[in-house]
Amino acid sequence: MLLRAAAEYAALKIYAPVLEVVAHKYVLHDLGKDKNSQWSFHWHEHHKKPRKNGMLDDDYFGPLLSDSPAMKEIKALGVLAIAHLALFPIFPVFALGAVGHAIQYYVKHYKCHTDVEYAFDHMPHHVKHHVVDQNANWGVTSDIVDRIIGTATKVDPEEWARLREFYTKRSNAARPRIEAAAAERQAEYDKKLKDSLENITERLYSFLPEALKSA
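Residues numbered from 1 in each chain as written. Predicted model: local features only at pLDDT ≥ 70, side-chain atom pairs only at ≥ 80, totals over all residues. Heavy atoms only, no water.

## Quick look at the overall build of the chain
Logical step 1: Helix and strand content of the chain: ten helices and zero strands.
Logical step 2: When its helices and strands are written in sequence order, the chain yields α-α-α-α-α-α-α-α-α-α.
Logical step 3: Across its three principal axes, the chain shows a C-alpha extent of roughly 75 × 55 × 35 Å.
Logical step 4: Of all intrachain contacts in the chain linking residues separated by at least 6 positions in sequence, the fraction that spans at least 24 positions is 61%.
Logical step 5: Total accessible area on the chain is roughly 12900 Å²; 63% of this is exposed by carbon and sulfur atoms.
Logical step 6: Here the chain contributes 28 positively and 28 negatively charged side chains, and the mean placements of these two sets differ by 2 Å. (Helix = DSSP H or I, 4+ residues; strand = E, 2+ residues; numbered from the N terminus. Contact = heavy atoms within 4.5 Å. Areas by Shrake-Rupley, 256 points an atom, 1.4 Å probe, with all protein chains shown as cover. Lys, Arg positive; Asp, Glu negative; His and termini not counted. Charge placed at Lys NZ, Arg CZ, Asp CG, Glu CD.)

Here you go:
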C-alpha cells in the first residue's frame, strides 16, 4: 500500500512539471498567439502587463471578473483538476496530488504577479520568462524541466540585480494606479451585487400572499 502510494507520488512529481511546460509552450503560447484562439488571453493580455507594470498583472487585483484572464486561468485549472479526479478510484494519491498541484500553481502564479519581491525571490525562472526570454523558462512552479531540456535562461548576477532594481521601481510606480483601478472595479461589482440581491428580494416578495405582506 505504501509502496503504491509512493510510486503514485513519484509519478506526479515527474508528470506535473512536464505538463506545465507542455501546456505553457504548446497551448498558451503556440495556440495563444492566434487572436481567435480561446487561449489568446495569455499571450495578448497576460504577457503585456508584467513587462509594463514590473511583474504586476492588474487582473489579479480586485474582483475576479468572468471574462478576465485570471478567471480563465482558474477555469482551465478547474477543468484539469476535475479531469484528474476521475483517476481517484484507481490512483488516489496521484489524483489528489494533481488537484493540489493545480491549487499550488494558481497560488504561486498569483503571488508572482501581485508581489514583485516574491517573484524575484521565489520564482526567478518565471520572471525570466516574462522579462528576459518569453520563449523559454516554460515551467511556472518549478524550472526543473527547463534545466533538463535546455530552456532555462541564465542571467549573470550583475544583470539580475539590474533587472530586479528596474522592475521593482516599475512595480512600485504601477501599484497605486492598479490598486485604485481595482478598488473602482470592486465598488462597481459590489453595487451590481447589491442591486441584484435587492431585485431578487423584491421578486420573491411579490410572490407572497397579501396577508403575509401586511402582517
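There is more to say after this.
## Structural notes on the packing of helix 1 (residues 2-31) against helix 5 (residues 92-112)
Logical step 1: At a minimum axis distance of 9 Å, the contact between helix 1 and helix 5 shows a crossing angle of 35°. As for the relative orientation of helix 1 and helix 5, their crossing is right-handed in sense. Contacts between helix 1 and helix 5 involve A5, E8, Y9, A11, L12, Y15, A16 and E20 on the former and, on the latter, P92, V93, F94, G97, A98, H101 and Y105.
Logical step 2: In the contact of helix 1 with helix 5, the residues fall into eleven nonpolar, two polar and two charged. (Axes fitted to C-alpha atoms, helices over the stretch in contact; angles between N-to-C directions. Left-handed = near helix turned anticlockwise from the far one by under 90°. Nonpolar A, V, L, I, M, F, W, Y, C, P; charged D, E, K, R; others polar.)

## Describing the environment of A98
Logical step 1: Inspection of the secondary structure puts A98 in helix 5.
Logical step 2: The exposure class of A98 is buried, given its relative accessible area of 10%.
Logical step 3: Those residues in contact with A98 that sit more than four places away from it in its chain are L12 and H84. (Buried < 20%, exposed > 50% of the residue type's maximum accessible area, 1.4 Å probe, protein only.)

## Let's talk about the packing of helix 4 (residues 69-85) against helix 5
Helix-helix packing is characterised by the crossing angle of the two axes and by the distance between the axes.
Logical step 1: One can describe the packing of helix 4 onto helix 5 by two numbers: an axis separation of 8 Å at closest approach and a directional angle of 170°. For the element pair helix 4 / helix 5, the angle class is roughly antiparallel. Facing A70, E73, I74, L77, A81, H84 and L85 of helix 4, the residues of helix 5 in contact are F94, A95, L96, A98, V99, A102, Y105, Y106 and H109.
Logical step 2: Split into classes, the residues belonging to the contact of helix 4 with helix 5 amount to 13 nonpolar, two polar and one charged. (Parallel < 35°, antiparallel > 145°, perpendicular 65-115°, else oblique.)

## Looking at the nonpolar core
Logical step 1: Formed by 19 residues in total, the largest nonpolar core has its most connected members in M55, F120 and V127.
Logical step 2: At the level of elements, helix 4, helix 5, helix 6 (116-122), helix 7 (124-131) and helix 9 (157-206) are the ones that each hand at least two residues to this core.
Logical step 3: Setting aside residues up to four positions removed in sequence, F120 forms contacts with V127, W160, L163, R164 and Y167.
Logical step 4: With five residues, the next largest nonpolar core counts L56, F61, A174 and I178 among its residues. (Core = buried A, V, L, I, M, F, W, Y, C linked by side-chain atoms within 4.5 Å.)

## Quick look at the environment of T151
Logical step 1: Residue placement: T151 occurs in the loop between helix 8 (144-149) and helix 9.
Logical step 2: Sequence separation of T151 and N135 is 16 residues, and the distance between their C-alpha atoms is 8.4 Å.
Logical step 3: Setting aside residues no more than four positions away along its own chain, T151 makes contact with A136, N137, W138 and D146.
Logical step 4: A polar side-chain atom of T151 sits 2.5 Å from a polar atom in the side chain of D146. (Polar contact = N/O pair within 3.5 Å; in protein donor to acceptor, adjacent residues only side chain to side chain.)

## Thoughts on the pattern of salt bridges
Side-chain pairs of opposite charge can arise where the charged atoms are in close proximity.
Logical step 1: A complete count under the given rule lists 13 salt bridges for this structure.
Logical step 2: Across the pair R162 and E159 runs a salt bridge, and its minimum N-O distance is 2.9 Å. Remark: E159 and R162 occur in helix 9; sequence separation between them is three residues, near one turn of the helix.
Logical step 3: One salt-bridge network, in which partners are shared between bridges, spans K49, D58 and D59. (Salt bridge = Lys/Arg side-chain N within 4 Å of Asp/Glu carboxyl O.)

## Remarks on the side chain of D59
Logical step 1: Mapped onto the elements, D59 comes out in the loop between helix 3 (48-53) and helix 4.
Logical step 2: A distance of 2.7 Å separates a polar atom in the side chain of D59 from a polar atom in the side chain of K49.
Logical step 3: Apart from the residues lying within four places of it in its own chain, the contact partners of D59 are K49, L64, S68, P69 and A70.

## Comments concerning the packing of aromatic side chains
Logical step 1: Going through the model one piece at a time under the given rule, you end up with six aromatic pairs.
Logical step 2: Judged by centre distance (6.1 Å) and plane angle (45°), the ring pair of Y60 and Y106 falls under tilted. Linking Y60 in the loop between helix 3 and helix 4 with Y106 in helix 5, this pair joins segments that are 46 residues apart in sequence. In terms of burial, Y60 and Y106 fall into one category: buried.
Logical step 3: Each ring, one from F120 and one from W160, has its centre 5.0 Å from the other, and the planes form 50°; the classification is tilted. (Phe/Tyr/Trp six-rings, centres within 6.5 Å; stacked < 30°, edge-to-face > 60°.)

That is the geometry; function is a separate question.
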